[in-house]
Amino acid sequence: MKPNFIQKVTNWGNYPIVEKEMKSDDSFRKIKEFIRDHNEVIARGNGRCYGDASLGEHIFSTKKLNKFISFDRLNGVIECESGVLLSDVLEISVPQGYFLYVTPGTKFVSVGGAIASDVHGKNHHAEGCFSEYVIEFKLMVENGEIITCSREENADKFWSAIGGMGLTGIILTAKFKLKNIESAYIRQESIKAENLDEIFRLFDESESWTYTVAWIDCLQKGKNIGRSILMRGEHAFQHELPQNLREKPLRLKKKFEPTVPFYFPGFVLNALTVKLFNLLYFNKQRKKEINNFTDYETFFYPLDAVHEWNRIYGKSGFIQYQMVIPKETGKEGMRKILETIAHSGNGSFLAVLKLFGRHNPEAYNSFPVEGYTLALDFKVNSKLKKLVDQLDQIVEEFGGRIYLTKDSMSRSSLTNYLRNTESSKFVSLQHKRILNNK
Amino acid sequence: MIVLGSTSEVAQAFVEEALNKGEKFEKIYLLTSNRETTERFARHIDVKFLQQAEVIELDLMKEIDYTRFEKISSGLLFCATGYLGEGTEEGLYDNKNTERIIDINYSKLVPVMNYFAHKFESRRSGTIIGLSSVAGDRGRQSNFIYGSAKAAFTAYLSGLRNYLFDKKVHVMTVKPGFMATKMTEGLPLNPKLTATPKQAAASIFAAYKKQKNVAYVLPIWGIIMMIIRNIPEFIFKKLKL
Ligand SMILES: Cc1cc2nc3c(=O)[nH]c(=O)nc-3n(C[C@H](O)[C@H](O)[C@H](O)COP(=O)(O)OP(=O)(O)OC[C@H]3O[C@@H](n4cnc5c(N)ncnc54)[C@H](O)[C@@H]3O)c2cc1C
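First, a word on scope: everything that follows refers to the structure included in this document.

## Observations concerning the overall build of chain B
Here is step 1: On a plain count of helices and strands, chain B comes out with nine helices and nine strands.
Here is step 2: For 241 residues, the compact-globule formula gives about 18 Å, and the C-alpha radius of gyration of chain B, at 18 Å, lands near that figure.
Here is step 3: Taken over the C-alpha atoms alone, chain B extends approximately 55 × 35 × 35 Å along its principal axes.
Here is step 4: Counting the 241 residues in chain B, one finds 53% classified as buried.
Here is step 5: Partitioning the intrachain contacts of chain B with sequence separation of at least 6 by distance along the chain shows that 74% fall at a separation of at least 24.

## A few points about the packing of helix α1 (residues 9-20) of chain B against helix α2 (residues 35-49) of chain B
Residue and element names in this part refer to chain B.
Here is step 1: It is at 12 Å that the axes of α1 and α2 come closest, and there the two elements cross at 15°. Comparing their axes, α2 and α1 come out roughly parallel. Two packed elements cross with a definite hand, and for α1 against α2 that hand is right-handed. Seen from α1, the contacting residues are Gln 12, Val 15, Glu 16, Leu 19 and Asn 20; seen from α2, they are Phe 41, His 44, Ile 45, Lys 48 and Phe 49.
Here is step 2: For the contact of α1 with α2, a count of residues per class yields five nonpolar, three polar and two charged.

## A word on the interface of chain B and chain A
Here is step 1: With 21 residues of chain B in contact, the opposing surface of chain A contributes 23 residues.
Here is step 2: Where chain B abuts chain A, roughly 1,900 Å² becomes buried across the two surfaces, and 52% of that area is made up of carbon and sulfur atoms.
Here is step 3: Interface area lost by chain B to chain A is led by B:Arg40, B:Val47 and B:Glu185, which between them contribute 32%.
Here is step 4: For the pair chain B and chain A, the interface holds two salt bridges.
Here is step 5: Between A:Lys64 and B:Glu9 there is a salt bridge, with its nearest N and O atoms 3.8 Å apart.
Here is step 6: At the boundary of chain B and chain A, one finds six residue pairs in polar contact (both at pLDDT 80 or more).
Here is step 7: For the side of chain B that touches chain A, the secondary-structure elements that each account for two or more residues are α1 and α2 of chain B.
Here is step 8: Looking at the side of chain B that touches chain A residue by residue, the class counts come to five nonpolar, seven polar and nine charged.

## Quick look at the sheet that holds strand β9 (residues 214-216) of chain B
Residues and elements named next belong to chain B.
Here is step 1: If you trace the seven strands from one edge of the open sheet to the other, you get β3-β2-β1-β4-β5-β6-β9, paired in parallel fashion. Each edge of the sheet is formed by a strand with only one pairing partner; in this case those strands are β3 (53-57) and β9. Taking the axes of each pair of neighbouring strands and ignoring which way they run, one obtains an average angle of 15° across the sheet.
Here is step 2: On top of the sheet, α1 reaches β1 (2-4), β2 (28-32), β4 (76-79) and β5 (127-131); it is set at about 150° to β4, its chief contact.

## Considering the site of the ligand
Residue and element names in this part refer to chain A.
Here is step 1: Residues in close proximity to the ligand total 34 residues, the closest being Ala 43, Gly 45, Arg 48, Ser 110 and Tyr 403.
Here is step 2: Side-chain polar atom of Ser 110 to an oxygen atom of the ligand: 2.6 Å apart, as the coordinates give it.
Here is step 3: Thr 405 is positioned with one of its side-chain polar atoms (N or O) 2.8 Å from an oxygen atom of the ligand.
Here is step 4: Protein contacts shield 96% of the accessible area of the ligand, which totals 960 Å² for the unbound molecule.
Here is step 5: Of all the secondary structure elements, the ones that give two or more residues to the shell around the ligand are β3 (41-44), α3 (111-116) and β10 (170-180).
Here is step 6: Of the residues belonging to the shell around the ligand, the class tally is 15 nonpolar, 16 polar and three charged.

## What about the environment of A:Asn381?
Residues and elements named next belong to chain A.
Here is step 1: Tracing the sequence through the fold places Asn 381 in the loop between β17 (371-379) and α11 (384-397).
Here is step 2: Under the relative-accessibility criterion, Asn 381 is labelled partly exposed at 32%.
Here is step 3: When the C-alpha atoms of Asn 381 and Glu 142 are compared, they prove to be 39 Å apart, with 239 residues separating the residues in sequence.
Here is step 4: Among the polar contacts listed, one links the side chain of Asn 381 to the backbone nitrogen of Lys 383, at a separation of 3.0 Å.

## Brief notes about the pairing of strand β8 (residues 134-140) of chain A
All names here are of chain A.
Here is step 1: Across the seven residues of β8, five count as buried, placing the element largely inside the fold.
Here is step 2: Across six bridges, β8 lies against β10 in antiparallel orientation. The partner of Phe 137 across the bridge, within β10, is Ala 174.
Here is step 3: In the sheet, β8 pairs with strand β9 (residues 146-150) via five bridges, with the strands oriented antiparallel.

## Overview of helix α5 (residues 109-123) of chain B
All names here are of chain B.
Here is step 1: For α5, with 15 residues, the first-to-last C-alpha span of 22 Å sits near the 21 Å given by 1.5 Å per residue.
Here is step 2: Leu 109, Val 110, Val 112, Met 113, Phe 116, Ala 117 and Phe 120 are the residues of α5 that are buried. Angular distribution of buried residues about the axis of α5 spans 155°; they occupy a single face of the element. α5 presents His 118 and Ser 122 as exposed residues on the side facing more than 90 degrees away from its buried surface.
Here is step 3: Residues of α5 that are buried make contact with β1, β2, β4, α4 (95-107), β5 and α6 (144-164).
Here is step 4: Looking one or two residues beyond α5, the residue adopting positive phi is Arg 124, at roughly 55°.

Each value, and the rule that gives it
- Residues numbered from 1 in each chain as written.
- Chains lettered and ligands numbered in written order.
- Predicted model: local features only at pLDDT ≥ 70, side-chain atom pairs only at ≥ 80, totals over all residues.
- Heavy atoms only, no water.
- Helix = DSSP H or I, 4+ residues; strand = E, 2+ residues; numbered from the N terminus.
- Rg over C-alpha atoms; globule rule 2.2 N^0.38 Å.
- Buried < 20%, exposed > 50% of the residue type's maximum accessible area, 1.4 Å probe, protein only.
- Contact = heavy atoms within 4.5 Å.
- Axes fitted to C-alpha atoms, helices over the stretch in contact; angles between N-to-C directions.
- Parallel < 35°, antiparallel > 145°, perpendicular 65-115°, else oblique.
- Left-handed = near helix turned anticlockwise from the far one by under 90°.
- Nonpolar A, V, L, I, M, F, W, Y, C, P; charged D, E, K, R; others polar.
- Buried area = accessible area lost by both parts, 1.4 Å probe.
- Salt bridge = Lys/Arg side-chain N within 4 Å of Asp/Glu carboxyl O.
- Polar contact = N/O pair within 3.5 Å; in protein donor to acceptor, adjacent residues only side chain to side chain.
- Pairing = 2+ DSSP bridges.
- Near = heavy atom within 4 Å.
- Areas by Shrake-Rupley, 256 points an atom, 1.4 Å probe, with all protein chains shown as cover.
- Expected span 1.5 Å × (residues − 1).
- Arc of directions from axis to C-beta.

Shown next as structure tokens:
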């Protein structure tokens, strides 16, 4: 048996699936050789982007760059290799009273992936993107040289790599700030909204909350469009906690985490089951408003509780469609989007609405711009391309854009917002697709 | 804890598993021929577990300076040293390749193991864990140079276990089947038969706690190797394994 590194690779949406060379190593010298020996290289973290962003002719997986380098427990500054997952960071930081400033909806992403996509969380309106808290990182560039990038040193590289989708090189290590917490719990309020107007009003009212997000039932039609549950939260102080949690406020009990054992057959997910799911989800909450405490896992990562849940979409996979529409016309745009989806009958299990705050002009490759963002899961089937096209049309009309880290089929005019990333070495399938469709 | 072959992912995962399970070590001695990556691991466990570790150079292919090991004292030795080499036809007839496989997996390794075994014997306590291989259970055409060295190593561990038994030192032989590590990266392995370093470490740690003598990492390998060992030679020699 001679090693051949060609393998089937796919990201979280299981679409597309490619057979390409993928290698991993923890030696910087070997990584340099890999870059030197290949024409088209792209980094891959934990493959949690949904589409084709971290796929390429020659994929370098950072899985083995999984070591911590330092943790300043006094000031909450951590440095680690780029393949370290956010879950690994939380494992050591939470018991010490530190949390990530910005976290996406899954903790199973790598630090490198978080920087390359400049991920956002439920607190974008208040605390911005991941990059706001990045102090510096080491980037391996085209000639294999390792350069340190920060706001002061190689600042041009620093900002182009942030949100740069791996097109500027391989991030090897990163140093970033953590936020103080007194407990591993969140004081949470969930409020039911009957329609879009109400949910938009609730978002505006909740501006002083650090975390806000809404789950939308996107099969509703007419006056019920936008029926949703808004969740808002704050890190709980120790003294706020109920007595039973107050003693060890930074320790969570280990929970059972089920795994989806196989790919669900295609027929399981159809309009009916999606409707049922949404019905159950929204009726689970009877009362108009619930206030309680929940642990950070449940609040930030409800989907992580079921490992490999992406398999329920079956072998043909799914896409996540996430767009942002600027604030001025956002509500109207959202309404049109939701109407189009309801009309198509192509339901989405997961529909998450958020309000983005201001765009950091320095982080010019970051996806978020001030406005409304909606993320929807759609199973891949023969009708999907048409729906995506219709949605793209609306997003374009309203001057919005698509999140690259989730894209695999949107029109290129919505995903070509990156600047200063041109490289003949670092090339992803996504980037080629976008350039070719221009 | 003393680790031989500290860049091995299984060894590193084992160290993490033990620390995660609350084992305490005065110090972890990481013996390695690759200082750079091992230093990184030492820093990592210091950051993650506040566990002190020291990197000590050991290159089996060079003259060994035993004075470096004098100060080492511990009740647990984990040996993950191994070299797969080229199991191909060119590999077979390349003497350098053959020698290197035999040296790293057996002939140069055993004296080092003996050095530490002696220390354990004088303490009259402790555990030695050696990673051998299922490849040593029966020679197969695809990797029998490696397999033969591992067979010798298995026999060595078994003898050592016997010898140290009444000296209160326990020796455990581990036979991992396929593992998804640097050594096997790029090989088309059946995922059902392949353990990740993390799984392997958890299983080895559990076996260590139970004071097992011989442990397969995935139980299925015990069965597979029993079958393979029992295929009559006149059939076996015709198989393409
Ligand atoms: C359930 C779920 C919920 C999510 N919720 C959110 C959310 O709320 N907000 C949000 O912003 N995102 C969200 N995401 C998307 C996810 O956060 C991003 O796709 C993230 O970048 C994935 O990280 P990864 O390590 O898996 O990287 P990959 O998916 O492997 O790669 C993503 C991109 O980063 C690049 N990259 C990865 N590592 C490196 C490196 N070391 N150097 C250079 N480039 C690199 C790749 O080339 C690729 O372009 C979610 C994803 C899932 C599955």
